[in-house]
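# Summary of structural features
So the chains spell out like this:
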Amino acid sequence: MVPDSSTCPWCSAPRLDSARCPRCGADYAKAEQIRSHGRAAVLVAAPVAEVVVEEAVSAVIVGLEDRLVEDPAAELKITVAALPGALALGVLFHYLTPGLQRIFFGMPVHELGHAVSAWLCGFFAIPTLWKTLVWEERGFFAPLVLAGAVVYAMVRAWRADKPLFVAFGAIVLVAQALGTFAIRETTAQMVFTFGGDGMGMVLAAALMASFFFGKDTQLYKGWTRWGLLAIGAAAFSDMFATWLGALRDRGAIPFGEIEGVGLSDPMKLIEEYGWSTKALVRRYVMVGAGSLFALAALYVWAVLRARRYVKEA
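In this text, all values refer to a predicted model and were calculated from it rather than measured experimentally.

## A short note on the environment of Phe-93
- Along the polypeptide, Phe-93 turns up in helix α3 (residues 72-96).
- When residues no more than four places from it in sequence are discounted, the contact partners of Phe-93 are Pro-98, Leu-100, Gln-101 and Phe-105.

Here is the structure:
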């Protein structure tokens, strides 16, 4: 990628008429050399009466997020304890007051799961606290808005030199293309019916995963990442515990009819789309377990990264 001479090579802040970036403190010239060649030419002091010579010294390329960790030791402790602690509290909350957990944490993420599934399938949807309004037919507006938002985010990530987020955006675009053009409307309706708890567990895991990213944003500097971690842990515990319980007790499945909404999602999937009870429970558990496994892998990576911060400090 060709460096942009109008922005800082490290943090992409607008470049000013000075030697250093006022935002991150990087030396423009050295940062460009490190970005381009993995090293920067620095002056090495020679003995007295000898000429100072330039020697190419290898430089470790450290990302902007790495340099913003002010206390690596404390960050390691937080990284190790935060996610397991949040999940443990979420499980405890579920068994002490499952109704309150469902109302304040599970349902909002559940309805967002319906909406995101519908958007990926080409339907316009508006999530509310108790019901997601989904248009009866596919349209052009929702797919274009979603694709435009994803492409915009990918461009921003590319300019910030964050290829992981670019790759994630590409995956979302592929999923949207398949959901919008490769499946029938009736199949799409089944997908976003399942997406309440199904996509909801994925979104809850994503909220928890956000705790480990964004150290160059207000997400890390303030309390936002703690709030997202707590919401994600409580919502995930609510949904996943329900379906784990259904493996042993089919009475735990939320069958029935909801006032003002109609048939519950499990009832719709069985009566309208012909799912068996066994398949219903197995598919929800598989999605939850898969989300938890991916989160565990990310947790291991985050801990190893935090340990590297301590060693390099």
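Don't stop here, the text continues.
## Description of the packing of aromatic side chains
- Taken as a whole and assessed by the stated rule, the structure comprises 13 aromatic pairs.
- A ring pair is formed by Phe-211 and Phe-212, whose centres lie 5.6 Å apart and whose planes are at 90°; its orientation type is edge-to-face. For the residue pair Phe-211 and Phe-212, the accessibility class agrees, reading buried in each case.
- When the centroid spacing of 4.2 Å and the interplanar angle of 15° are considered together, the rings of Trp-243 and Tyr-284 count as stacked. Taken together, the positions of Trp-243 in helix α10 (residues 224-248) and Tyr-284 in helix α12 (residues 277-312) put the pair 41 residues apart, joining distant regions of the chain.
- When its relative accessible area of 1% is taken as the criterion, Trp-243 is described as buried.
- Among the aromatic side chains, those forming a connected cluster through ring pairs are Phe-194, Trp-243, Trp-275 and Tyr-284.
- Between Arg-225 and the ring centre of Phe-211, over which it is positioned, the NZ or CZ distance is 4.2 Å.
- The lysine or arginine in question, Arg-283, covers the ring of Trp-275, its NZ or CZ lying 4.4 Å from the ring centre.

## Quick look at a nonpolar patch on the surface
- The grouping of Leu-100, Ile-103, Phe-104, Leu-129 and Trp-130 at the surface amounts to a nonpolar patch, some 560 Å² of accessible area in total.
- Within the secondary structure, Leu-100 is located in helix α4 (residues 98-120).
- For Leu-100, a relative accessible area of 44% gives the class partly exposed.

## Quick notes on unusual backbone geometry
- For Asp-161, which is not glycine, the phi torsion reads 60° and is therefore positive.
- Position of Asp-161 relative to the elements: it lies in the loop between α5 (141-159) and α6 (163-182).
- We classify Asp-161 as partly exposed; its relative accessible area is 37%.

Procedures and definitions
Residues numbered from 1 in each chain as written. Predicted model: local features only at pLDDT ≥ 70, side-chain atom pairs only at ≥ 80, totals over all residues. Heavy atoms only, no water. Helix = DSSP H or I, 4+ residues; strand = E, 2+ residues; numbered from the N terminus. Contact = heavy atoms within 4.5 Å. Phe/Tyr/Trp six-rings, centres within 6.5 Å; stacked < 30°, edge-to-face > 60°. Buried < 20%, exposed > 50% of the residue type's maximum accessible area, 1.4 Å probe, protein only. Lys NZ or Arg CZ within 6 Å of the ring centre and 35° of its normal. Patch = residues over 30% accessible without salt bridge, like charges linked within 9 Å, V, L, I, M, F, W, Y side chains within 5 Å. Areas by Shrake-Rupley, 256 points an atom, 1.4 Å probe, with all protein chains shown as cover. Salt bridge = Lys/Arg side-chain N within 4 Å of Asp/Glu carboxyl O.

This is a description of form; function is not addressed.
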